[in-house]
Amino acid sequence: MDFGPIRPRGIAAALGLCAALAGPATAGPGGTVTLANGAAVGWSVPEGEASPALALAVPAFAVWARGGFAQAVVVEMRSDALAAIEAWEVGFYRLGDTDFSHPLWSRRGTARDLDRPLRWDGRVADGPSLRPGETVVARLTVRDVAGNTGRTASQEMLVARYRMARERKALAKEDAARKRALATGEALRLPLHGRGLTLTVTGWPGATGPGASGARFRAAGDAWVLRQTLPPGPHEIVIESRRPIMGGTRAVPVGVVPVVLPPLPPYRARIKGTGSLDKAPPYPGLAAPAGMAVEAVVPGAQALGRVLTDRESAQDRLALALVDPDAAIPLAVDGTMRRALLTARVGGAAAWPGGTGTGRAPDPAPGRRTIVRFPAPAGGELFLPHTDIEAGSLRLSLDDDGPPPVPERDYFVNADEGRVLLGAAVRDRLTTGRVLTADYVVPAFAAVRGAGMTVPHGGAAHDRRWDGRRTGGTVPTAPAAAPGAAARVMRWLLGDG
């Protein structure tokens, strides 16, 4: 079957997917690497699939001062599932704001800066200032590339001029409990098939700890430890020495830890309408989940337009989001003739994002223009393939002779959830055969869904809710493309950060 031209990136993705879905890979349970600065890094991978966690720790008490806090409070976050996280949002809300719709202060970012502490000086972004005696509530929400969300339990913080004697002991006990919980966290409810990797560095010179491809180690006695859940496949973890420079820090590679993680069951996107897909024989050795068999491989660009059987399933949404439009995707069938696309995060490309950071406030993320076509959508709502759409960037057009629809009159946009409500004037023009085109801008770190893609059924299969609110806070720039193994070794040998 003719799939059309498959570009190099598509070939690499197809081969990586084939390896991820194939039989067991050879990998030891651990090893040790000596670094260029004399330190040693040991790594271990326990048996079985990991259970990743997410953690938040805010102070239980803040001293009120006119206009804010006497001293800024420190917000700490942590996750051992950075490979699953595309974006995060942390916010403080008044105790009575039970639907978390009016943040007093909030920040957003990507996985590569999730472990960096934040500071809030108590100034309120919108609404009346805080008053002594108020209690505010904080929570952390994260989202994967498919729009699935997970969040921590809410944490309260008392704002007052002083602590009464009977409150001091209770608040100190709560602070200590939150600090301890930061190391373990809460179960992260995002679909991530991965193995737990533990890196332990000993003999590290200096008080500033090492980094690992941008992630930070935590002190554990005389050692430094980092735990992360990674998808199957090969990974190169670059160990970095963080050196202070004017205005921030510089990360210099001092060694590479090569790790190969054994395969796990693939993600399944159960879909409808497979009869129109161009099918080709599957690759040799492709594995399928229990009770299923690989029937064929299909073009990723065609697979993206399928409708999910269960659009509420977090795993199905993620499986569809991981489809590479340039790759050939396995199509599996079970005993009842129900079909599903099989996808996997490819090792190396799916490790936590790199980037060394500088300590400075990040620049706004560059935008990427996206065009999506909807053939004669029925109903009054569109579900876009992206969330976090740049406010005010979306424009609709119809392939008829009429004027372009006017925002806030003919249609209304929920940019954070990727939803568009169509007015009567637009719906009346959507006769059979007409195509509605959405043109909008997303941050550069958003998932790549294919240029000019066509999405049937009003995009209902791409219904990915994200309840974060745009805050105008800083958003990190997208990381540069990761260098290859040879380039990393050269950087290591030359000491060039």
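Details of the structure are given in the entry above.
Chemist: Talk me through the nonpolar core; I want residue IDs and the actual numbers.
Modeler: One recurring pattern in soluble globular proteins: nonpolar side chains tend to sit buried together. Ranked by internal contacts, the top residues of the largest apolar core, which has 94 residues, are L199, I239 and L341. Those residues in contact with L341 that lie beyond four places of it in its chain are Y267, R268, A269, I271, V298, A303, L320, V323, I329, P330 and L331. Listed in part, the 9 residues of the second largest apolar core include A280, L286, A332 and A340.

Chemist: Go over the sheet that holds strand β25 (residues 339-343) with me, naming the residues and quoting the values.
Modeler: Across the sheet, 5 strands lie side by side as β22-β24-β25-β21-β23; this open sheet has antiparallel pairing. The open sheet terminates on both sides in strands that have one partner only, identified here as β22 (292-299) and β23 (307-308). For strand β21 (residues 267-272) and β25, the ladder comprises 4 bridges, and the chain directions are antiparallel. Bridge pairing links R268 to L342 in β25. Against the sheet, helix α4 (residues 314-321) engages β21, β23 and β25, with an angle of about 90° to β21.

Chemist: Can you tell me about helix α2 (residues 165-184), naming the residues and giving the values?
Modeler: Its 20 residues place the ends of α2 31 Å apart at the C-alpha level, agreeing with the 28 Å of an ideal helix rising 1.5 Å per residue. Buried residues of α2: L171, R178 and L182, and no others. Axial view of α2: buried residues confined to an arc of 45°, hence all on one face. For α2, the exposed residues set more than 90 degrees away from the buried face come down to A165, R166, K169, K173, R180, A183 and T184. Buried residues along α2 sit in contact with β3 (53-57), β4 (61-65), β6 (73-79), β12 (155-160) and β17 (218-220). One or two positions beyond α2, positive phi appears at G185, with a value near 75°.

Chemist: Any chance you could break down the side chain of R178 for me, citing the residues and the numbers?
Modeler: Inspection of the secondary structure assignment puts R178 in helix α2. From its side chain, R178 meets the backbone oxygen of E156 in a polar contact 2.8 Å long. Setting aside anything within four residues of it in sequence, one finds R178 in contact with A57, V58, P59, A60, Q155 and E156.

Chemist: How would you summarise the pattern of salt bridges if you had to cite specific residues and measurements?
Modeler: One side chain can pair with another of opposite charge once the charged atoms of both are near each other. Counted according to the given criterion, the structure contains 13 salt bridges. E174 is the salt-bridge partner of R178, the closest N and O atoms lying 2.9 Å from each other. One end of the pair, R178, and the other, E174, are both in helix α2, 4 residues apart, so they sit about a helical turn from each other. Residue class for R178 comes out buried when judged on its relative accessible area of 9%. Taking relative accessible area as the criterion, E174 reaches 34% and is therefore assigned partly exposed. For D316, the salt bridge goes to R270, with nearest N and O atoms at 2.9 Å. A residue pair is termed long-range when its members are at least 10 positions apart, and D316 in helix α4 and R270 in strand β21 qualify at 46 residues. With a relative accessible area of 38%, R270 lands in the partly exposed category.

Parameters and conventions
Residues numbered from 1 in each chain as written. Predicted model: local features only at pLDDT ≥ 70, side-chain atom pairs only at ≥ 80, totals over all residues. Heavy atoms only, no water. Core = buried A, V, L, I, M, F, W, Y, C linked by side-chain atoms within 4.5 Å. Buried < 20%, exposed > 50% of the residue type's maximum accessible area, 1.4 Å probe, protein only. Contact = heavy atoms within 4.5 Å. Pairing = 2+ DSSP bridges. Helix = DSSP H or I, 4+ residues; strand = E, 2+ residues; numbered from the N terminus. Axes fitted to C-alpha atoms, helices over the stretch in contact; angles between N-to-C directions. Expected span 1.5 Å × (residues − 1). Arc of directions from axis to C-beta. Polar contact = N/O pair within 3.5 Å; in protein donor to acceptor, adjacent residues only side chain to side chain. Salt bridge = Lys/Arg side-chain N within 4 Å of Asp/Glu carboxyl O.

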